[in-house]
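Fold and geometry: a report
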Amino acid sequence: MKHTIKELEDIASQIRRDIVRMVHGCQSGHPGASLGCTDFFTALYFEVMNHKTDFTMEGAGEDLFFLSNGHISPVWYSTLAHAGYFDKSELATFRKLDSRLQGHPTTHEHLPGIRVASGSLGQGLSVAIGAALAKKLNGDKSIIFALLGDGELQEGQNWEAAMFAPFNKVDHLIASVDYNGQQIDGPTSKVLALDDLQAKFEAFGWHVINTDGNDMQSIVEGLHYAKTLTGKGKPILNLMSTQMGAGVDYMMGTHKWHGTAPNDEQLAAALAQLPETLGDY
Amino acid sequence: MKKYTYTEKKDTRSGFGAGLHEAGKKNENVVALCADLVGSLKMDAFIKDFPERFTQVGIAEANMIGIAAGMTIGGKIPFTGTFANFSTGRVYDQIRQSVAYSNKNVKICASHAGLTLGEDGATHQILEDIGLMKMLPGMVVINPCDYNQTKAATMAIAEYEGPVYLRFGRPVIPVFTDPDQKFEIGKAWMVNEGTDVTIIATGHMVWKAIEAGEKLAELGIDAEIINIHTIKPLDDEAILKSVKKTGCVVTCEEHNKFGGLGESVARLLTTELPTPQEFVATNDTFGESGTPDQLMAKYGLDAVNIVEAVQKVIGRKK
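Taking an unreviewed UniProt entry as the reference, chain B is identified by name as Transketolase belonging to Pedobacter kyungheensis. Its UniProt record gives chain B a comment under Sequence similarities (unreviewed entry), which states: "Belongs to the transketolase family."

Taking an unreviewed UniProt entry as the reference, chain A is identified by name as Transketolase belonging to Pedobacter kyungheensis. Taken directly from UniProt, the Cofactor (unreviewed entry) text for chain A runs: "thiamine diphosphate". Its UniProt record, at the heading Sequence similarities (unreviewed entry), says of chain A: "Belongs to the transketolase family."

Considering the interface of chain A and chain B
Each partner contributes residues to the interface: chain A has 26 residues there, and chain B has 22 residues. Contributing elements (two or more residues each) for the side of chain A that touches chain B: helix 5 (124–137) and helix 6 (157–167) of chain A. Top contributing element to the side of chain A that touches chain B by residue count: helix 5 of chain A, with 10 residues. Looking at the side of chain A that touches chain B, its residues break down into 12 nonpolar, 10 polar and 4 charged.

Here we look at the pairing of strand 2 (residues 30–34) of chain B
Residue and element names in this part refer to chain B. The buried fraction of strand 2 is high, at 5 of 5 residues. Alternating residues of strand 2 divide into Val30, Ala32 and Cys34 and Val31 and Leu33, and every residue in both groups is buried. Bridging between strand 2 and strand 4 (residues 77–83) involves 5 bridges; their strand directions are parallel. The residue of strand 4 that forms the bridge with Val31 is Pro78. By the bridge criterion, 3 bridges tie strand 2 to strand 3 (residues 54–56) in an arrangement that is parallel. When the sheet's bridge partners are listed, Cys34 is paired in strand 3 with Gln56.

Calculation notes
Here, residues in each chain are numbered from 1, in the same order as that chain's written sequence. Starting at A for chains and at 1 for ligands, labels are handed out in the order in which the entities are written. Where local features are concerned, this predicted model is filtered to residues with pLDDT of at least 70; where side-chain atom pairs are given and counted, the filter is 80 or more; whole-chain, interface and lining totals use all residues. UniProt positions are given in the numbering used here, feature names are shortened, and annotations may be inferred rather than shown by experiment. Any pair of residues counts as being in contact when their C-beta atoms, constructed from backbone geometry, are within 7 Å of one another. Note on conventions: DSSP H or I runs of at least 4 residues are helices, E runs of at least 2 residues are strands, and numbering of each starts at the N terminus. For this classification, the nonpolar set comprises Ala, Val, Leu, Ile, Met, Phe, Trp, Tyr, Cys and Pro, the charged set comprises Asp, Glu, Lys and Arg, and every other residue, Gly included, is treated as polar. The burial label depends on the number of other C-beta atoms within 10 Å of a residue's C-beta. Counts of 20 or more mean buried, 12 or fewer mean exposed, and intermediate counts mean partly exposed, with C-beta atoms placed from the backbone. Following DSSP output, two strands are said to pair if at least two bridges run between them.

So this is what it looks like as structure tokens:
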């Protein structure tokens with residue numbers, strides 16, 4: 001372990017503070033699933049992935065991460081900043097004119113850490129598979145990580161990719177699903193039920209593991225375990241249960257905060273629950 | 001009228017296949033992907049020599065575009081292959097976000113474009129793809145005119161860094177360009193110098209324009225014929241220089257007149273040098289089943305249609 005669980009939790013607390021402040025600062029953006037995935041991002045960038053903050057597009061010899069559900073950009077931006085990809089002061093520009101921190105992540109403004117645009121849903125798993133194939137051709141045994149939203153799995157392209165990866169033995173790929181059960185119009189169970197995702201991915205040929213995405217111990221151990229499963233002929237799917245809005249009590253357990261910004265009082269109430277551990281931007 | 005002859009007819013898709021094979025030999029980073037149309041795209045030679053650099057994705061074009069975008073991150077130069085309809089309309093958003101907006105070095109190679117796909121009918125005969133692709137910021141759009149030019153274009157785009165749409169077709173047509181030509185992206189080819197009218201043609205319509213030029217010569221009309229193989233970026237300079245001399249223009253393409261080469265030329269001329277223009281193109285319509293020759297005749301894409309358009313546009317000159 002590079003960090004103790006407590007240290008990782010402290011980093012996550014700061015990232016959660018950043019998320020609500022960023023979304024409040026521009027009065028737009030997606031706090032719900034950003035907060036829900038904060039522990040995952042913290043574990044990935046501060047514990048699990050082999051990566052360099054001296055960014056190159058190719059990332060030769062490094063593990064790479066692809067975010068398919070690009071709307072949770074606040075958590076990624078804050079994570080990248082605290083990991084050292086760029087100065088955290090830039091977080092204040094989120095969603096504002098002339099910023100590298102666009103509403104949805106993009107390579108267009110050359111923000112270090114981003115390798116493809118995402119936002120229009122359902123495309124990230126395919127891109128991650130392509131990056132994995134290129135690594136294989138290059139003799140680079142590094143791991144490709146991807147994160148997908150659960151509602152996003154309603155997009156058909158995911159299932160094209162889900163069919164492709166096991167058949168082609170793309171086995172240095174660890175895709176995680178943010179299984180929070182919520183989407184814009186309500187619970188996924190009401191909008192278009194995902195039902196037994198484990199059985200579905202296993203039927204496609206994936207090795208599926210389950211983690212609690214809001215328990216740092218569970219997510220760190222789960223991702224380390226997933227790494228031991230790479231190179232064995234199957235892609236790995238981490239079915240990660242999370243709570244949308246995790247860490248801010250009034251944002252939890254509802255889809256209401258998918259894409260809504262807190263007002264001043266709500267911001268204060270959120271920050272009171274999230275200790276400042278690394279210094280606000 | 002300069003004399004153009006040919007000794008054989010070949011399909012432009014075979015030019016793509018040959019060019020891909022050559023590009024693969026020259027650069028080990030060239031990779032190819034196909035969505036269950038290897039034979040139609042003439043990818044066999046590449047696959048035979050570089051099996052590990054070929055990815056069969058099955059009938060899943062969206063996934064193919066995404067995988068291609070991802071492969072560029074590892075320094076690969078992916079050439080995706082399927083029919084033009086499935087290369088563009090079906091995957092527009094994947095191209096827009098994962099390729100164009102992300103500025104990925106993907107070569108979208110599209111066969112069976114236009115009416116000359118023939119008997120399969122309108123579901124497969126896309127006449128809107130040039131418009132779709134040229135609207136994407138940063139996308140290069142190329143529609144070569146014969147086997148040799150397609151082969152040269154395929155090799156040239158492998159050397160170019162950035163997203164490219166390469167459009168070619170199914171039928172065998174005369175091979176009349178230089179087999180050793182150097183293909184320069186964005187550079188028009190002067191097919192015939194003339195003084196009375198500028199005929200600007202792309203793709204399969206270039207040979208039709210040459211046939212039209214011969215008929216026009218018999219009628220005493222001296223046509224300048226320009227091959228625009230690169231629709232974007234457009235060779236503004238070549239077009240303006242010619243039109244300044246001739247004072248009228250006819251554009252020819254196997255594509256809807258809405259959104260095609262003709263509109264690109266009209267945009268240029270209306271801002272730089274307002275000039276009478278006629279369009280030889282399909283007119284806001286879908287195609288239908290038939291032989292390529294029957295369809296080109298029915299939808300007004302033959303040499304005779306170019307001749308008529310020239311006569312009309314010359315009559316509009318002040």
